[in-house]
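Chain and residue survey
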Amino acid sequence: MQQGAYLKIVDSKGNRIPRQALASPMYEGATFGRRLSSWGTSAAGPDASMFGSLSTLRARSRQLVRNEAVCDGGMDTLVANLVGTGITPRWQIQDADLKQEVQELWNDWTRECDKDGVCDFYGLTSLAAREIIEAGEVLGRFRPRRLEEGFSVPLQIQVLEPDHLDVSYNTLAPNGNEIRMGIEFNKQADRVAYWLFKEHPGESFLTSTAGLDRRRVPASEIVHVYRVLRAGQKRGRPWLASVILAMHDISEYDDAEIVRKKGAAMFGGYITQNGVNPSGGFPLGPRPGQDAQGREIVPMEPGTFPVLPEGYDVKYSTPADVGGGYEAFTKRQDRRVARGFGGLTYEKLTGDLEGVTYSSIRAGNLEFQRVCKMIIYHTLVFQWCQPVLERWMDTAVLSRALNIPDYMENRRKYLRVKWDIDGWEWVDPEKDVKAEKAAVRSGFKSRSQSVGERGYDSEAVDEEIDRDNKRADKLGNVYDSDPRKTDASGKKKAEGEEEGED
């Protein structure tokens, strides 16, 4: 290119575009005019954006859960939909006997897996889900046990709040690795250790001796669970972060209305004397029928008509009402909060079902369930359930609780597990059952898939049906729920008759 030459940019008609136009943002959202001049923004990365605010966000989130009924109830609702009675594993092992043995051993261990002894594994999963919602993240630490202690599998889990992992701890480890927000990374940016406070920094007892003593725990001993919202994010933020301010303002608004109504309710009316306060003009000191300030006491009781002294008049208090827009305004704010509260619907957050129709609540439930499934499988299953199961399986084989000779050679095969979630109840069971039956009969989904979506194991269901049928046949019982012997209407079939179309 010759000296002085420049790149000529033209529009669709060949006209040269002025440099001034090129310097202006092409998007209105990137301008800094009157409407956007006060909009503060930040280009901070995923960790830097949380570094100075994570502790405050976590504290305020917990405060809202402790003191706001809507927030506390919404938390329980969200955890119940994410975990319910449990997210259960179903091994994909071809050997039926080995599969049953593994499943039974897992069921035995779930009752003794908690280091504190207060939850089973599914209770710990609920606790972990509650922590990642309220605090943004949770830590699980594997605690190996001795064989002589008598555990079905010598392994337990200790659930730790994220406060044990100091977000402000940023330095170089003695081995030269970088420690960022309490997590140690090697030269390849792999997590190799967590630097944890021995005791919760918010706990203080006379027997506490550790103080803020940090311990280096290998990453292989830690399960770190949080919802990843940005690429490269190292720590999790509370799910209420985007609605903390709104919920605080709503709470203060409601408190102001309650205090105003309480203040107004304290006054029934005022007694005046010729337009002058009756306390004036009386001798000093109370007389019979007067209060301590010398004012006349006129008793007013329900159903009575007291006679006022001559010259007295009554004016009733008429405080202003909250106004017709109070309910609409609070509903609007609660709807905003619900969208930022893990995808909850307004009805699930508040429990308000006024005006709800079948179609609207079904549409809301379907959208909410889709969000729940995304969180369950991408966060809870991948970061919590599967790592725990893999560590449990390794420990079970190494401790000889399970005898699988080719386990190390075929480890991936034995770790193939399908996680079944706790299914959601149908809004209209009759309609939904018909729709499910039609989908299975049409080949759009398998029966196992349909049963799994309800939170059950199809193989276990088949075994129970088989046992029920054998018991009924032995006793000579015929139930109209048995499709082998009755038609869809419950009428007994003739000998050799097949079930027809409904």
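Residues numbered from 1 in each chain as written. Predicted model: local features only at pLDDT ≥ 70, side-chain atom pairs only at ≥ 80, totals over all residues. Heavy atoms only, no water.

What follows concerns the overall build of the protein. A tally of helices and strands in the protein yields 14 helices and twelve strands. Split into buried and exposed, the 502 residues of the protein put 34% on the buried side. Partitioning the intrachain contacts of the protein with sequence separation of at least 6 by distance along the chain shows that 62% fall at a separation of at least 24. By element, 52% of the accessible surface of the protein is carried by carbon and sulfur atoms, the whole surface being about 31600 Å². (Helix = DSSP H or I, 4+ residues; strand = E, 2+ residues; numbered from the N terminus. Buried < 20%, exposed > 50% of the residue type's maximum accessible area, 1.4 Å probe, protein only. Contact = heavy atoms within 4.5 Å. Areas by Shrake-Rupley, 256 points an atom, 1.4 Å probe, with all protein chains shown as cover.)

Here the focus is the packing of aromatic side chains. For the structure shown, the criterion picks out twelve aromatic pairs. Ring geometry for Trp 109 versus Trp 392: centroids 6.3 Å apart, planes at 50 degrees, classification tilted. On the criterion of sequence distance, the pair formed by Trp 109 in helix 5 (residues 96-110) and Trp 392 in helix 10 (residues 358-398) is long-range, its members being 283 residues apart. An aromatic cluster is built from Trp 91, Trp 106, Trp 109, Phe 121, Tyr 122, Trp 384 and Trp 392, whose rings are joined through pairwise contacts. (Phe/Tyr/Trp six-rings, centres within 6.5 Å; stacked < 30°, edge-to-face > 60°.)

With that out of the way, let us pick up the sheet that holds strand 9 (residues 222-226). The antiparallel open sheet is built from three strands, whose spatial order is 3-2-9. The open sheet has two free edges, formed respectively by strand 3 (155-160) and strand 9, since each of these has just one partner strand. Averaged over all adjacent pairs, the angle separating strand axes in this sheet is 25 degrees, with direction ignored. Against the sheet, helix 6 (residues 121-134) touches strand 2 (137-144), strand 3 and strand 9, its axis set at about 145 degrees to strand 2. (Pairing = 2+ DSSP bridges. Axes fitted to C-alpha atoms, helices over the stretch in contact; angles between N-to-C directions.)

Where strands meet in a sheet, backbone hydrogen bonds hold them as pairs that are either parallel or antiparallel. The antiparallel open sheet is built from five strands, whose spatial order is 4-5-6-7-8. Of all the strands in the sheet, the pair left with one neighbour each is strand 4 (171-172) and strand 8 (214-218). As paired strands, strand 5 (residues 178-180) and strand 6 (residues 183-185) are joined by three bridges and run antiparallel to one another. Directly across from Glu 178, in strand 6, lies its bridge partner Phe 185.

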